[in-house]
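Observations on the model geometry
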Amino acid sequence: MSQFTTEEMSRLVAAGTRDQLKTALDVVAGLSLVHINDYSSTEEGLSMGTPSDKSEEISRRLTKMRGAAANMQAADQKQLLAAPEVRRTLSGPIDELVESALQLFDELDALRTESSQIDEELEVLKMLAPLSLELDLMGGYSSLTAFIGTVSSLAKARPALAGLGDSAIYMSSDAGKSSVVAVFCRNEDSQSVQEMLAAEDFQAISVPESEGLPSDRILKLDERKSEIDGRTEDLESEMSDWSESNGGMLFGGMELLERDLEIATAPVRVAVSDHAFVLDGWIRSDTAPEVEAALSGVCTHISIEKFTPPAHSSHHHDDENAPELPPIAFSSRNYSKPFEMLTDVMGRPAYGKIDPTFFMFLTYPLFFGLILGDMAYGLAVMGMAWFVWRRFPIDPMMRNVGGFLFTIGLSTVIFGYIYGEFAGFEFLPHGHCDIEGVIGVAQCEAAHGHYHWEGRALALWGVAWMTNLFSERRRVLLGRGRSSKHRPRLPLPQGFIQPRESHTHHHLHGSHPCFPRTRSGLPRHLQDPRIRRCTVRERIVDDCPDWRLHFRICIPSGFSI
């Protein structure tokens, strides 16, 4: 089929005895050429099929494998695993290996949770340690109320605490950046003490349930945390070894079980009766002989009818009477296949319409290179493509991503050479400036030099034409090569200017309406003694379209343009 249109589709209807349903579905799955339509009708005598008896067991095994895979990073697979090899592993000790891995993950999660709790408790204990008060004495009273927490400023809080007199006992200490206080009062005085502490921005601390001094508790927790860290490192090492040994087989087994689960649950998509089944779907028209030959041994009736798009007038029909359209399948392609991703982003075309993938393959890299046009950026994009290919050698989608990046990167390199751009710098291999040390057409003209093009480069007009165009465009914008009436009128910049010796210098001492004379023979705006040397520019004086002046913009101290 042509790459300019999508594949032609045909409608498949296959029927057979109900005892052959599982075999027929296995054949369809092996072909990987049939798009099954879900049965959703309510015709008398027909209903949806029921999943296979093995579907529940497969689902349970798959859930455990997904739980193990979520906690590990499998080693990069350089080649696809053979299905018989993976099948032998699934029938072997894979379940015991997955169970052992899940136990490692559970133990590691428990240790990490305990370590996090220890960190929180240590943070509190380090604030309470300067009080030198045992933890079991900081609460648990029936007739006393304890306030343990921090205040914004201990220096401001101490006079207020001292004012409590005999109605309360308090302790205080500066623990790093925190000011910690412990106040004990009778229950009847707790309201007034709480109001006083609130005025000092009091923040309560939850005291850990333990005994002894906070410093002793800190030592015990530090020892426990060291044990946890050591055990955590051992578990992570075991998980890494398990992943290297069984990770590839685990992910391969998951893929195979997902396929088995899809086949086991496929009967719910097929219409069945007490004695027969009817399978409805779509296939590519060019695969019709292969599909018919494969299903002829397990089905008693096979009907394959090529789909004919409805006439234009049928678009006016309501949705209920509109014909069912087939799924859209791309044509087989090689170099332009990565650009199918762009088509999927915008949406696949309607059946029988033009497939824009090939045109994107031609135009997208072209315009990408025209816009970016830098050799360094192009090489960087191609490097990303190489990394993707190396990192995901057997993933079809990622290989398409790599092909897409390589194509647009190559286009960027080509146009970067045409433009003479490398990492934002102009580097033209097509000629040289007669002023030593100046690179690039724009820089050469700014220094009033002449850019000499290589004879061989000029012959290769396909490479040098854009650089010549850039140079000519700049000359046009500056007024060269055009009549005075077509020259752009650019405003004269504000500030102070100093004339440059050039072919227009003699006009400055003559009479010209744009430059009023003074006693010294120079325009007034050139007489300021604070002018200094600066960059040479070329502009067209406002209101004087026929006057072009080479000048230096000279901004004295305290002035700005």
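Residues numbered from 1 in each chain as written. Predicted model: local features only at pLDDT ≥ 70, side-chain atom pairs only at ≥ 80, totals over all residues. Heavy atoms only, no water.

Overview of the overall build of the protein
- Across its full length, the protein holds 15 helices and 17 strands.
- Pairs at least 24 apart in sequence give 73% of the contacts found in the protein among residues at least 6 apart.
- Accessible surface for the protein amounts to roughly 33,300 Å². Of this, 54% is attributable to carbon and sulfur atoms. (Helix = DSSP H or I, 4+ residues; strand = E, 2+ residues; numbered from the N terminus. Contact = heavy atoms within 4.5 Å. Areas by Shrake-Rupley, 256 points an atom, 1.4 Å probe, with all protein chains shown as cover.)

Observations concerning the pattern of salt bridges
- Counting across every chain of the model gives 17 salt bridges.
- Of the charged contacts in the structure, one is a salt bridge between aspartate 26 and lysine 22, with a shortest N-O distance of 3.2 Å. Of this pair, aspartate 26 and lysine 22 both sit in helix 1 (residues 21-31), four residues apart, which is roughly one turn of the helix.
- Note on aspartate 26: relative accessible area 32%, which makes it partly exposed.
- For lysine 22, a relative accessible area of 56% gives the class exposed.
- Note that arginine 224 is salt-bridged to glutamate 227, the shortest N-O span being 3.3 Å. With arginine 224 and glutamate 227 both in helix 7 (residues 214-265) and three residues apart, the pair spans about one turn of that helix.
- Each member of the salt-bridge network shares a partner with another, and the members are Glu107, Arg231 and Glu238. (Salt bridge = Lys/Arg side-chain N within 4 Å of Asp/Glu carboxyl O. Buried < 20%, exposed > 50% of the residue type's maximum accessible area, 1.4 Å probe, protein only.)

Re the packing of aromatic side chains
- This model, assessed by the stated rule, comprises 12 aromatic pairs.
- Residues tyrosine 364 and phenylalanine 404 carry aromatic rings whose centres are separated by 5.5 Å and whose planes lie at 45 degrees to one another, so their mutual orientation is tilted. With tyrosine 364 in helix 10 (residues 357-372) and phenylalanine 404 in helix 12 (residues 396-419), the pair connects residues that are 40 residues apart, well separated along the chain.
- Through a chain of ring-to-ring contacts, three or more aromatic side chains come together here, namely Phe339, Phe358, Phe359, Phe361, Tyr364, Phe368 and Phe404.
- In this structure, arginine 391 packs its charged tip against the face of phenylalanine 392, placed 5.0 Å from the ring centre. (Phe/Tyr/Trp six-rings, centres within 6.5 Å; stacked < 30°, edge-to-face > 60°. Lys NZ or Arg CZ within 6 Å of the ring centre and 35° of its normal.)

A closer look at the nonpolar core
- Counting residues in hydrophobic clusters, the biggest one holds 43 residues, and the most contacted among them are Met65, Leu90, Val98, Phe105, Leu128 and Leu250.
- Those elements giving two or more residues to this core turn out to be helix 2 (55-69), helix 3 (83-90), helix 4 (94-128), strand 6 (178-186) and helix 7.
- If you tally residues by element for this core, the top one is helix 4, at 14 residues.
- Beyond its immediate chain neighbours, meaning those up to four positions away, valine 98 contacts Lys64, Met65, Ala68, Trp242 and Leu250.
- Counting 20 residues, the second-largest nonpolar core is a separate cluster that includes Ala24, Val28, Phe277 and Leu279. (Core = buried A, V, L, I, M, F, W, Y, C linked by side-chain atoms within 4.5 Å.)

Structural notes on the environment of proline 396
- Among the secondary structure elements, proline 396 is positioned in helix 12.
- Among the residues examined, proline 396 registers a relative accessible area of 60% and is labelled exposed.
- Expressed as a C-alpha distance, the spacing of proline 396 and proline 338, which sit 58 residues apart in the sequence, is 9.8 Å.

A closer look at the packing of helix 4 against helix 7
- Following both chains from N to C, one finds helix 4 and helix 7 inclined at 155 degrees, their axes separated by 8 Å at the closest point. Relative to helix 7, helix 4 is oriented roughly antiparallel. Pair helix 4 / helix 7 crosses with left-handed handedness.
- Class assignment for the residues of the contact of helix 4 with helix 7 results in 19 nonpolar, four polar and 14 charged. (Axes fitted to C-alpha atoms, helices over the stretch in contact; angles between N-to-C directions. Parallel < 35°, antiparallel > 145°, perpendicular 65-115°, else oblique. Left-handed = near helix turned anticlockwise from the far one by under 90°. Nonpolar A, V, L, I, M, F, W, Y, C, P; charged D, E, K, R; others polar.)

Some thoughts on the environment of glycine 383
- Considering the arrangement of structural elements, one finds glycine 383 in helix 11 (residues 375-391).
- Among the residues examined, glycine 383 registers a relative accessible area of 33% and is labelled partly exposed.
- Each C-alpha atom, one on glycine 383 and one on glycine 409, is 8.6 Å from the other, the two residues being 26 residues apart in sequence.

Quick notes on the environment of alanine 329
- Tracing the backbone shows alanine 329 in the loop between strand 10 (301-306) and helix 9 (340-346).
- Those residues in contact with alanine 329 that sit more than four places away from it in its chain are Thr6, Glu7, Met9, Arg284 and Arg348.

Comments concerning the pairing of strand 6
- Along strand 6, seven of the nine residues are buried, which leaves the element largely enclosed by surrounding structure.
- Looking at chain direction, strand 4 (residues 144-151) and strand 6 are connected through eight bridges and run antiparallel. The residue of strand 6 that forms the bridge with alanine 146 is phenylalanine 184. (Pairing = 2+ DSSP bridges.)

Comments concerning the pairing of strand 4
- As paired strands, strand 4 and strand 7 (residues 203-204) are joined by two bridges and run antiparallel to one another. Each bridged residue has a counterpart across the sheet, and for threonine 150 the counterpart in strand 7 is glutamine 203.

A few points about the side chain of threonine 343
- Structurally, threonine 343 can be placed in helix 9.
- Judged by its relative accessible area of 0%, threonine 343 is buried.
- What threonine 343 contacts, discounting residues up to four positions off in sequence, is Phe330, Arg348, Pro349, Asp355, Pro356, Thr357 and Met360.

Considerations on a nonpolar patch on the surface
- There is a patch of nonpolar side chains on the surface, built from Phe4, Ile354 and Phe359 and spanning about 300 Å² of accessible area.
- When you line up the elements, isoleucine 354 lands in the loop between helix 9 and helix 10. (Patch = residues over 30% accessible without salt bridge, like charges linked within 9 Å, V, L, I, M, F, W, Y side chains within 5 Å.)

Remarks on the confidence of the model for the protein
- Taken as a whole, the protein shows an average pLDDT of 76; of its residues, 73% reach a score of 70 or greater.
- Contacts from residues 455-561, a stretch scored under 50 in pLDDT, to residues over four places away or in other chains number 158 contacts. (pLDDT = per-residue confidence, 0-100.)

Remarks on a negative patch on the surface
- A cluster of acidic residues, Glu134, Asp136, Glu211 and Asp216, forms a negative patch at the surface.
- Of note, glutamate 211 is situated in the loop between strand 7 and helix 7.
- Looking at glutamate 211, the relative accessible area reads 65%, which means it is exposed. (Lys, Arg positive; Asp, Glu negative; His and termini not counted. Charge placed at Lys NZ, Arg CZ, Asp CG, Glu CD.)

Some points on helix 7
- Compared with the 76 Å implied by 1.5 Å per residue over 52 residues, the 60 Å span of helix 7 between its first and last C-alpha is markedly short.
- Its maximal kink placed at asparagine 246, helix 7 deviates by approximately 60 degrees. (Expected span 1.5 Å × (residues − 1). Bend = angle between axes of the 7 residues up to and from the residue.)

With respect to unusual backbone geometry
- Unlike most non-glycine residues, serine 32 shows phi in positive territory, near 55 degrees.
- Positive phi outside glycine occurs at aspartate 201, with the angle close to 60 degrees.
- Take aspartate 201: it is sitting in the loop between helix 6 (190-198) and strand 7.

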